[in-house]
Amino acid sequence: MSGSYGFIVAHVADYFSADGFFASELASAEGRLTGEFRADQLFTKKMRMESVYPNIDELVVVSDNKTDYDLLSTADKAYVVCNKKKDRDFWEQRFPDSSKVRYLETYDE
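Residues numbered from 1 in each chain as written. Predicted model: local features only at pLDDT ≥ 70, side-chain atom pairs only at ≥ 80, totals over all residues. Heavy atoms only, no water.

On to the sheet that holds strand 3 (residues 60-63), then. An order of 3-4-5 is seen for the three strands of this open sheet, with the pairing classed as parallel. With partners counted over all chains shown, the strands left at the sheet margins are strand 3 and strand 5 (101-105), one partner each. Averaged over all pairs of adjacent strands, the angle between their axes in this sheet comes to 15 degrees, without regard to strand direction. Alignment of strand 4 (residues 77-82) against strand 5, held across five bridges, turns out to be parallel. The partner of Val 80 across the bridge, within strand 5, is Tyr 103. (Pairing = 2+ DSSP bridges. Helix = DSSP H or I, 4+ residues; strand = E, 2+ residues; numbered from the N terminus. Axes fitted to C-alpha atoms, helices over the stretch in contact; angles between N-to-C directions.)

Right, here's the structure in full:
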């Protein structure tokens with residue numbers, strides 16, 4: 001599940017042999033892109049996940065996007081990619097003393 005464009009996520013899903021994926025889709029008319037979204041996943045991931053998988057046994061979420069807070073908050077296990085120290089600070093404020101969150105840091109302190 002990604003807010004990125006579907007034509008990009010499709011290649012990633014294929015590479016990892018994923019069973020399926022959800023991504024933002026661009027709208028088109030008469031064979032041309034309109035510059036608008038047909039489906040925008042950016043702020044609807046949690047709602048989409050709950051509607052498609054209402055009885056999921058275990059939800060693992062990996063994200064580097066602060067807009068994924070709602071989805072991460074429902075996860076059984078979450079991995080947060082932190083590109084800057086302030087990113088880790090952001091997530092630690094929202095998940096204090098949480099054993100379900102692991103931080104993947106890509107920055108030097």
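Time to look at the pairing of strand 1 (residues 25-29). Strand direction decides the pairing type here: strand 1 and strand 2 (residues 32-39), joined by four bridges, are antiparallel. Looking at strand 2, one finds that Ser 28 is bridged to Leu 33. Between strand 1 and strand 2, which pair antiparallel in sequence order, lie two residues; one of them, Glu 30, sits at a positive phi of approximately 55 degrees.

Take it as geometry only, folks, not as evidence of what the structure does.
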